[in-house]
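Descriptive analysis of the structure
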Amino acid sequence: MEYLALNNGVRMPLVGFGTWTLRGESGKRCILDALETGYRLLDTAQMYENEGIVGAAVRESGLARHEIFLTTKLFEPSASYENAKRDIEKSLSALGTDYIDLLLIHEPYNASLEMYRALCEAYRAGTVRAVGISNFNEREYRAFCRSCGIIPAVNQVEAHVYYPREPLRRALVENSSVMQAWSPFTEGKRRIFEEPVLREIGAQHGKTAAQTALRFLVQRGIGVIPKTMHRERMQENLSVFDFELSDEEMERIGTLADGKSLFGWDED
């Protein structure tokens with residue numbers, strides 16, 4: 001595993017495991033499979049209604065808590081200072097942990113700054129190791145940074161080869177924030193695994209189109225949180241650190257970008 005250094009010195013795995021579709025015992029089994037395969041970052045959210053099985057999988061894995069990087073997010077029901085403060089405790093309880101590694105505001109809300117004040121208090125108290133935001137476009141991110149106090153460690157957003165968010169990435173780097181991609185495979189909205197450019201370049205390295213798509217992002221310093229229920233794909237998605245794309249290959253993949261969100265988010 002390779003890591004990204006966040007703006008407060010915390011190290012975050014470059015490749016994590018997304019859990020948003022996972023529920024119940026079968027979901028917990030998938031999370032355990034991911035941990036056994038080698039994932040050390042688990043991404044959840046109150047919106048996903050699965051923090052309980054994520055926490056249970058961590059406890060049942062046999063791994064020490066400090067070996068696992070837990071991310072969760074607060075959403076609209078938490079959209080005030082008091083509600084956010086309450087719901088941080090709710091997440092800690094659901095996850096069965098006394099600290100969260102990364103806590104995010106799930107998307108821009110009118111009360112985002114109020115919510116963030118509660119996140120920053122938890123950070124200062126040591127119950128959260130890093131704080132950030134999610135789904136903020138460049139304009140929203142820059143406006144937030146002007147008033148937020150603690151610069152977000154992470155902005156987790158839609159990002160993939162068709163929508164690599166380069167202007168946003170540059171803005172994040174400029175302000176010492178990290179981009180993390182929640183949709184590196186487009187969630188099935190594009191036939192990315194059959195993309196000729198990715199397949200051709202991947203073949204030159206003995207890699208799949210999926211691995212090439214992930215490598216394109218991580219090589220630009222973007223964290224990724226792919227998700228799959230299949231153990232062989234879990235392993236495949238982790239195997240992106242033993243090859244490097246050339247500048248020419250990066251440029252070719254870059255031509256796939258069309259600058260459009262596949263999920264209806266406001267564009268940068």
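Here, the structure is the one placed above.
Reading guide: rules and limits
Residues numbered from 1 in each chain as written. Predicted model: local features only at pLDDT ≥ 70, side-chain atom pairs only at ≥ 80, totals over all residues. Heavy atoms only, no water. Patch = residues over 30% accessible without salt bridge, like charges linked within 9 Å, V, L, I, M, F, W, Y side chains within 5 Å. Areas by Shrake-Rupley, 256 points an atom, 1.4 Å probe, with all protein chains shown as cover. Salt bridge = Lys/Arg side-chain N within 4 Å of Asp/Glu carboxyl O. Lys, Arg positive; Asp, Glu negative; His and termini not counted. Charge placed at Lys NZ, Arg CZ, Asp CG, Glu CD. Helix = DSSP H or I, 4+ residues; strand = E, 2+ residues; numbered from the N terminus. Buried < 20%, exposed > 50% of the residue type's maximum accessible area, 1.4 Å probe, protein only. Pairing = 2+ DSSP bridges. Core = buried A, V, L, I, M, F, W, Y, C linked by side-chain atoms within 4.5 Å. Contact = heavy atoms within 4.5 Å. Expected span 1.5 Å × (residues − 1). Arc of directions from axis to C-beta. Right-handed = clockwise from strand over helix to strand, strands pointing away.

1. Side note on a negative patch on the surface
Side chains of Glu-244, Asp-247, Glu-248 and Glu-251 sit close together on the surface and give a patch of like negative charge. Assignment of secondary structure puts Glu-248 in helix α10 (residues 247–254). By relative accessible area, which is 58% here, Glu-248 ends up exposed.

2. Section: the sheet that holds strand β10 (residues 223–224)
With parallel pairing, eight strands are arranged side by side in an open sheet as β3-β4-β5-β6-β7-β8-β9-β10. What marks the edges here is a single partner per strand, and that holds for β3 (17–18) and β10. When strand β6 (residues 102–105) meets strand β7 (residues 131–134), the two strands line up parallel, connected through three bridges. Paired with Ile-105 across the bridge in β7 is Ile-133.

3. Things to note about the environment of Pro-77
Tracing the backbone through its elements, the reader meets Pro-77 in the loop between β5 (69–74) and α3 (81–95). Placed ten residues apart in sequence, Pro-77 and Asp-87 show a C-alpha to C-alpha distance of 8.7 Å.

4. Some remarks on the nonpolar core
Here is a general trend for soluble globular proteins: nonpolar side chains tend to be buried in one another's company. Counting 86 residues, the largest nonpolar core has Leu-6, Met-12, Ile-31, Leu-42, Val-161 and Ile-253 as the members making the most contacts within it. Setting aside anything within four residues of it in sequence, one finds Val-161 in contact with Ile-192, Leu-198, Ala-213, Phe-216, Ile-253, Leu-256 and Ala-257.

5. Some points on α3
Over its 15 residues, α3 runs 21 Å from end to end, which matches the ideal 21 Å to within 8%, given 1.5 Å per residue. Those residues of α3 that fall on the buried side of the exposure criterion are Tyr-81, Ala-84, Asp-87, Ile-88, Ser-91, Leu-92 and Leu-95. Looking down the long axis of α3, one finds its buried residues gathered within 150° of arc, a one-sided arrangement. What points out from α3, more than 90 degrees from its buried face, is the exposed set Glu-82, Lys-90 and Ser-93. The secondary structure elements touched by the buried residues of α3 are α2 (51–60), β5, β6 and α4 (112–125). Positive phi shows up at Gly-96, right after α3, with a value of about 65°.

6. Examining the pairing of β6
Neither face of β6 is left uncovered, since the one carrying Leu-102 and Leu-104 and the one carrying Leu-103 and Ile-105 both have all their residues buried. Traced from β6 through α4 to β7, the parallel crossover comes out right-handed.

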